[in-house]
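Analysis of the macromolecular model
The lines below spell out each chain.
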Amino acid sequence: MQDVNRAGAYGVQARNRGGMIGAVISFSSLYLATLLLLLGTGLFNTYLGIRLAEAQVSELWVGSLIAVYYLGLVLGARNGHRLIGRVGHIRAYASSAAVVTVAVLAQALIDNLWVWVGLRFLAGLAMVTQFMVIENWLNEQTENTSRGKVFAFYMVFSGLGTVLGQFSLTLFPALDYQPLVFAAMCSALCLLPVALTRRLHPAIVEPAPLMPRYYLARVPVSLVVVFITGTLTGAFYGLGPVFAYKQNLSGDQVAMFVAVAVAAGLVSQWPMGWLADRMDRARLMRLNAIALVIISIPLWGWMVMPYWVLLVVSACFGVFQFTLYPIASAFANDNVEPERRVGLSAIVLMVYGLGACLGPLAAGAIMREINPDTFFVFVAACSGLLVLYVRPQRMTGVHLSQDAPTRFVPMTDMETAPVAPALDPRIDFETDISHQAPAAQATAVESSVADDTATPPQRG
């Protein structure tokens, strides 16, 4: 009997391994396109911060360039749906990739910051369509039972592309036009896997109607956390390289500073997810915020930190910063009925994107007016607001959903995929009523609006 049980266990493990390998092979073209797309994006944003810092350009300009990119990601979603519906997925992806490539190359030819602002906004508008094509394709051709595996590998390839983008910056000692050419090459190469794929085209997905009043009233705590998390993430990608450069680090060291944070945030998703499924999520969000405050205080300019200490701080920052978003998303899902989670994903992404737009602007203005060391003062201030606002003892559990606590799902950050929750295994598109016309939902919404004060029951 023991031998039979052991054989059965080995069979389950083998099927799981086969499923994981099969998921990678089945969607290899889309994963490769994601890797190349994020490779160029990860390199570009860090290159932008270092180059402008070398040129003594105001931190406000650096923040503005990152902010308009995120603004393009947020505003381009609806236009992306229209474009996909009009010309199909592959044509929409190809045309968007061409726009991104031209926008990057134009920055190598035109040395004007106002023009750069327009080009970055244009790149954000186009790039969101590329993300939407890839993620709609993955979602359309993935069963609910395997969506978790597909999503996990998508997140790994997204994070890996961002990290490799930082490392690839070390190939260019002189920060001239060459990194821009490399980023444009990545943007062009990401066309090949999608253009040559033999997978069936996915169906056109209609955007879910947004119902801000319902979600703002139902999950305000989660949305505040998401907004501040977006603020910190956008500020880090925009001004983190500037802060590191002002600490007398070389270009290679700055790239490593950013890469360590992103890699630590990626790796920590799974252990943090294990913790989030076993303890009070509101308490965990507050502990993350407290940790970010503590990590930030030594970097307020009291002393000059050696390079290895900066790397350790960057890793700790990545662990607690890049896991706040998925914890807040899981907490929001705990307090919303399963049939409304597509709409929840849409509003969460809009709030996150708004924070990512405002964060670089606010951090850049503070760094310009005081000094670059105030970047981590900004981080501590934002994290301190979360410490004060998120009070687990105020959570009553009144609006807890019937399937809470929902499973923690590792999520990429906004730089990688602004529509990633479409792959969230907790969402069933066949039963979600968020796609119905708002008028059909009015009665249910009026009876459901209340305060987000729910703490999921704890697992033993």
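Above this text is the structure in question.
Along the protein, the regular secondary structure elements total 18 helices and zero strands. Counting every position in the protein, which comprises 460 residues, the buried fraction comes to 56%. Look at the contacts in the protein between residues 6 or more apart in sequence, and 88% of them connect residues 24 or more apart. If you sum the accessible surface of the protein, you get close to 18,400 Å²; carbon and sulfur atoms cover 66% of it.

As a further point, take the side chain of Thr41. Relative to the helices and strands, Thr41 resides in helix H2 (residues 28-54). Separated by 3.0 Å, the side chain of Thr41 and the backbone oxygen of Leu37 make a polar contact.

This part covers the nonpolar core. Membership of the largest hydrophobic core comes to 122 residues, with the highest contact counts inside it found for Phe236 and Phe375. With 14 residues, H2 is the single largest residue contributor to this core.

Now for the environment of Tyr214. In this structure, Tyr214 sits in helix H9 (residues 212-218). According to the relative accessible area criterion, Tyr214 is buried, its value standing at 1%. Sequence-wise, Tyr214 and Leu344 are 130 residues apart; in three dimensions their C-alpha atoms are separated by 9.5 Å.

Moving on, we come to a nonpolar patch on the surface. On the surface, Ile297, Trp300, Trp302, Met303 and Val377 cluster together into a nonpolar patch covering about 500 Å² of accessible area. The residue Met303 is located in the loop between helix H13 (281-296) and helix H14 (307-321) in this model.

Before going further, it helps to examine the packing of H2 against helix H3 (residues 59-87). Where H2 contacts H3, the two axes come as close as 9 Å, and the packing angle between them is 160°. The angle between H2 and H3 falls in the class roughly antiparallel. Listed contacts from H3 to Thr41, Asn45, Leu48, Gly49 and Leu52 of H2 are Val62, Leu65, Ile66 and Tyr69. Partitioned by chemical class, the residues of the contact of H2 with H3 number six nonpolar, three polar and no charged.

Turning to the packing of aromatic side chains, a few remarks are in order. By the definition in use, this model includes 19 aromatic pairs. Taken together, a centroid distance of 6.3 Å and an interplanar angle of 50° make the contact between Phe44 and Tyr47 tilted. Linking Phe44 with Tyr47, this pair stays in helix H2, spanning three residues, or about one helical turn. Across this residue pair, the class does not change: Phe44 and Tyr47 are buried. Ring plane angle 85° and centroid distance 5.0 Å describe the contact between Trp61 and Trp114, whose orientation is recorded as edge-to-face. Taken as a pair, Trp61 in helix H3 and Trp114 in helix H5 (residues 113-140) lie far apart in primary sequence, 53 residues in all. What makes Trp61 partly exposed here is its relative accessible area of 24%. Residue Trp114 is classed as exposed on the basis of its relative accessible area of 66%. Ring pairs connect the aromatic residues Phe236, Tyr237, Phe243, Phe257, Phe317, Phe322, Phe375 and Phe376, which therefore count as one cluster.

Thresholds, definitions, all that
Here, residues in each chain are numbered from 1, in the same order as that chain's written sequence. At least 70 in pLDDT is required for a residue's local features to be given in this predicted model, at least 80 for side-chain atom pairs to be given and counted, and no such filter applies to totals for whole chains, interfaces and linings, which use all residues. Calculated side-chain values reflect all of the structure's heavy atoms, with hydrogen atoms and water omitted. Only DSSP runs of H or I with at least four residues qualify as helices, and only runs of E with at least two residues qualify as strands; both kinds are numbered from the N terminus onward. The buried label applies to any residue whose accessible area, calculated with a 1.4 Å probe on protein chains only, is under 20% of its type's maximum; exposed applies above 50%, and partly exposed to all values in between. For this analysis, residues touch if any pair of their heavy atoms sits within 4.5 Å. Areas reported as accessible are Shrake-Rupley estimates using a 1.4 Å probe. Residue values count occlusion only from the protein chains shown. Polar contact is the term for a pair of N or O atoms within 3.5 Å; when the atoms are in protein, one must be able to donate a hydrogen and the other to accept it, and sequence-neighboring residues count only if both atoms are side-chain atoms. For this analysis, a nonpolar core means a set of buried residues of the types Ala, Val, Leu, Ile, Met, Phe, Trp, Tyr and Cys, connected via side-chain atoms within 4.5 Å. Patch membership is restricted to residues that have no salt bridge and whose relative accessible area is over 30%. Joining uses 9 Å for like charges and 5 Å for the nonpolar side chains Val, Leu, Ile, Met, Phe, Trp and Tyr. A pair is scored as a salt bridge if a Lys or Arg side-chain nitrogen falls within 4 Å of a carboxyl oxygen belonging to Asp or Glu. To obtain an axis, a line is fitted to C-alpha atoms, over the contacting stretch when the element is a helix, and the angle between two such axes runs from 0 to 180 degrees between their N-to-C directions. Between 65 and 115 degrees an angle is taken as roughly perpendicular, under 35 as roughly parallel, over 145 as roughly antiparallel, and anywhere else as oblique. Throughout this entry, Asp, Glu, Lys and Arg are counted as charged residues, while Ala, Val, Leu, Ile, Met, Phe, Trp, Tyr, Cys and Pro are counted as nonpolar. The remaining residues, Gly among them, count as polar. Only centres within 6.5 Å qualify two rings of Phe, Tyr or Trp (six-membered ring in Trp) as a pair; their planes then separate them into stacked at under 30 degrees, edge-to-face at over 60, and tilted for everything else.

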